[in-house]
Structure formats: structure tokens, C-alpha cells
Amino acid sequence: MKILLGVCGGIAAYKSAELTRELRRRGATVQVIMTANAERFVTPLTFAALSGQQVMTSLWQPVNSDVATDEAHGFDIEHIRVTQDADLLVIAPATANFIATMAHGFSDDLLSSVCLAAKMPIIIAPAMNSNMWSHPATQSNLVTLRQRNVHIVAPGSGELACGMVGDGRMAEPMQIADHVFELGQRTSDLAGETILITAGGTREPIDAVRYVGNRSSGKMGFALAESALARGAKVILISASTAIPVPVGCDHLRVTTASELEQQVLTQLDRASMVIMAAAVSDYRVVSPATRKLKKQASLTLELTQTPDILRQVVQARAAGTLVVGFAAETENILEEGRRKLREKGVDMIVANDVSGSDTGFESDDNAGVILWEGGEVRLHRASKRSMAGRILDHLHGVRKESVTPGTDVPLARSPSSLDPIFSG
Ligand code: C5P
């Protein structure tokens, strides 16, 4: 893969040096373009050494001067030529200013001109102060870019260079590289699908301030949403108690309790052609939550009752052809539990994930487990949630191709024989 890597002026530019390395390690060739401000943070020499190619920094200094006046091919204009050679344009870090530049179509330096001339897919990895990130101007520019099919690798949350803590830290180089290769391999195989994804853990009130909940972070569901968006799907994301940035470009609804989630899922179900229930729905709620804060006492007995099984209702209420995926968070007998749930819940696919350790599952950036459907089982070794999301969508897409002929109401027999190896223990 030939990648153009645009580096803007932000402290995260140093992480793009690592990104250059990682992209090359995975076999890509990388041509780096730096803005004038980027050069204040990292020298072109660093990127030249890591990419193995001279870095492009200006509209007015063509790198390849030999062909600049090649008469057979016409006058060689560098910022046009590079876009014709590359498979993908990656901007990392993308500053608030550069995002605005792209959204408004300015072309007053080399990188912005390349963006305007580019016909290939573009991925941006924003990095900025959290106030700048959440500013309506930035958010609206991001929506504009998303509508133009620019892929956005959402920033993470944490300590920022300005000393503040919040959203705006550029995604890690490995994560950006995952996006790049995912996009390079799959273009828009999910275009035409509307995927309803639930994420996060519901909270059931005990009183005005306390709740019964679980440790789900929502990272798996959000990774699925990002991955589905990148593959051309429309995404309706319903999230419960998450503290991570919402992927740009999805219809997003926030809920707190299982009952609110149930209501929203059933309301949105008609719009969806696929449903992925990644949310950790609390299995119990308090029968009579107090409306005020309860006074502290030596002991407290709560009466809990089961919450409605939303997944079962979705299976019963779905239109023909709507594929449904359930998750099973397990600490033991993962495969057996996954098989049982696939049988009993009537879903098209179960993702049974291992939540026994701290390295995978709840709150972690990684996950591991098995994917099961009627025609097969695949083990998922420990991997980032983003890369696991890609594999889940690969298999779901495989089930879709095998199961439903567009325009018919009757799902055909499912035997996705073309899919991955059968689980081998
Ligand atoms: O049976 P178990 O709770 O393990 O099933 C997990 C799956 O069921 C998940 O996909 C979860 O989102 C869904 N679920 C649900 N409603 C509940 C509990 C779980 O839809 N009340």
C-alpha cells in the first residue's frame, strides 16, 4: 500500500514518527508531507529517516525536479502527482485548524492542496485541546468531513500537552495503523446496511445517587460503530454510561437504564438491517428505587427483579432479513456458554468474550473469545477491540451474503462455508 502521511503542527507530531515506522513495518511505503507548523515540532529529517523518502514540505519546491518539466507528460505539478500515486491519505495529527481548512476546502499550502486534489480515501487522526475538540465549530467541521467520507480515528481521553485532562489526545499509532490497513483492505462492503449497535453498561438506580451497574466501558460497541462506519454502513449507536468520545457520523442516543435501552432499541429496530447488542445490560433492577438519597445505615437489603431480555424481544420483533448478534460476557466455559446462547436466544451470531482477566473484556482495550454462528465457530485470540470489531463484521457480512438474497423475505439456509477456520480448541 502506498500511503501519503500528512503531518500537521501539534505536539502529537512525534507520535506520527512512530506511525511512519509502524506503517512501514506492515509493508506500506510512506511519503510524508509536513506543514510549516509541523516542522516546528519535528524535523523533516526524522521523517525522511523513518520513511526512507525525502519529505515534502512546500508547494514551491518540487521534490522530483527531474520530471518537473517532462514534456511528454506535461508540466509535473507535485501536489497533483502525489495524489495520483497513493492508495490512501492519512493526516496525523490533524489539528483543529487543519480540520477547518479541509472542511472549508482551502488550499493555501502543500498539504491542504493535496487534500483538495485527493480522490483516494482519507483518514484523519485529530489531536487538540479538549475544549477545541468539543467546540461546536470543530464538531460541525468533523460532521462535514464525515459526510464527505473522510474516516476519522477518534482521539482518546487523557492527559493533554496543555496540562488539561480530557478528550483530544491523538489515537495511538498502532490504532491508527489498524484503521489504515482496515480501510485499505475493505472499502464499503457494508454500504446499504443500517446497523443498530448498543454499547456500555446500564445503571439501575438504588436511590437518587446510587446504582446497580457493571464494569462495561462501551469500548467494544464503540469500536464496532467506528469499524461499521468505515465500511460504509449507517450506524445507530445507543450507549449506556460510557465516558469515551462518540464516533463521528453515527446517530447517537444516550440511555441510562435497561428499561430506557429497551424502549430505544425497540423504537429504532425498524430502521435496522443488523442489530449488535454489545451493551452489558444489567440483569437486575431495584424493585422500588428511592427518589431521595437513602441515609447511611449498618445494612441495607435491596429487592432486585430481573430486567426484560431485550435481545429476545429484538429476535421476536425483527423484520425478515434483519441479522441479530448477541454478546456473552463469560468468565468460564466460554465456548459451551456461547453455543448454548446461540441455540437458546435465536440470534444469528454470538460473540462470547472472556471477561475473566484484566487484560481483556470489561474496561480493557483488548478482547478475546469466540464468534459462533449456525455454520461455524472462530476463535478470537487476544487483539485490540478495534481489530476484533473488524473480524466480527467480516463474519456478519459473510452470514449476510449466505443467508438473505436481496429482495426476498425468506432467509435461505446458512452455511458460510467460505468463512474462516472452524474453532479448533
Ligand atoms: O444471557 P446474557 O445476559 O449473557 O446475554 C447477553 C446478551 O443479551 C448481550 O448481547 C446483551 O446485550 C443482551 N441482554 C439483553 N437484555 C438483558 C440482558 C442481556 O438484551 N436484560
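If you look the protein up in an unreviewed UniProt entry, it shows as Coenzyme A biosynthesis bifunctional protein CoaBC from Terriglobus roseus.

Q: Outline the pattern of salt bridges, supporting the account with residue identities and numerical values.
A: Applying the stated criterion to the full structure yields 20 salt bridges. A salt bridge links glutamate 22 to arginine 26; the shortest N-O distance between them is 2.8 Å. On the basis of relative accessible area, glutamate 22 is assigned to the buried category, the value being 6%. A salt bridge links glutamate 337 to arginine 340, with the nearest nitrogen and oxygen atoms 2.8 Å apart. Of this pair, glutamate 337 and arginine 340 are both found in helix 13 (residues 334-345), three residues apart, which corresponds to roughly one turn of the helix. Overlapping salt bridges bring together Glu22, Arg25, Arg26 and Asp178 as one network.

Q: Mind laying out helix 8 (residues 136-147), listing which residues take part and the relevant values?
A: With 12 residues, helix 8 ought to run about 16 Å at 1.5 Å a step, and its terminal C-alpha atoms sit 16 Å apart, in line with that. Every buried residue belonging to helix 8 is among Thr138, Asn141, Leu142, Leu145 and Arg146, and all of these are buried. Down the axis, helix 8 shows its buried residues gathered within 140° of arc, on one side only. The exposed set on the far side of helix 8, more than 90 degrees from its buried face, consists of Pro136 and Gln147. Asparagine 149 occupies a position one or two residues after helix 8 and carries a positive phi of about 70°.

Q: Residue-level account of unusual backbone geometry, with values.
A: Across the junction of alanine 92 and proline 93, the peptide omega takes the value -5°, indicating a cis bond. By the element assignment, proline 93 lies in strand 3 (residues 88-94). For serine 241, which is not glycine, the phi torsion reads 40° and is therefore positive. Tracing the chain through its elements places serine 241 in the loop between strand 11 (234-240) and strand 12 (251-255). Exposure remark for serine 241: the relative accessible area of 28% places this residue in the partly exposed category. Of note in the backbone geometry, asparagine 333 takes a positive phi value of approximately 45° without being a glycine.

Q: Tell me about the domain arrangement of the protein, and please be specific about residues and values.
A: As far as domains go, the protein holds domain 1 (2-185) and domain 2 (194-291 + 299-423). Computed over C-alpha atoms, the centres of domain 1 and domain 2 are 34 Å apart. If you look at the interface, domain 1 gives 12 residues, while domain 2 gives 12 residues. Across the domain 1 to domain 2 interface the summed buried area is about 1,100 Å²; carbon plus sulfur atoms make up 56%. When residues of domain 1 are sorted by the area they lose upon contact with domain 2, Arg146, His179 and Glu182 head the list and together hold 45% of the total. Viewed at the interface, domain 2 and domain 1 are joined by one salt bridge. Residue glutamate 182 is joined to arginine 386 by a salt bridge in which the shortest nitrogen-to-oxygen separation is 3.0 Å. Inspection of the domain 1/domain 2 interface yields four residue pairs in polar contact (both at pLDDT 80 or more).

Conventions we followed
Residues numbered from 1 in each chain as written. Predicted model: local features only at pLDDT ≥ 70, side-chain atom pairs only at ≥ 80, totals over all residues. Heavy atoms only, no water. Salt bridge = Lys/Arg side-chain N within 4 Å of Asp/Glu carboxyl O. Buried < 20%, exposed > 50% of the residue type's maximum accessible area, 1.4 Å probe, protein only. Helix = DSSP H or I, 4+ residues; strand = E, 2+ residues; numbered from the N terminus. Expected span 1.5 Å × (residues − 1). Arc of directions from axis to C-beta. Domains from an automatic or database assignment. Contact = heavy atoms within 4.5 Å. Buried area = accessible area lost by both parts, 1.4 Å probe. Polar contact = N/O pair within 3.5 Å; in protein donor to acceptor, adjacent residues only side chain to side chain.

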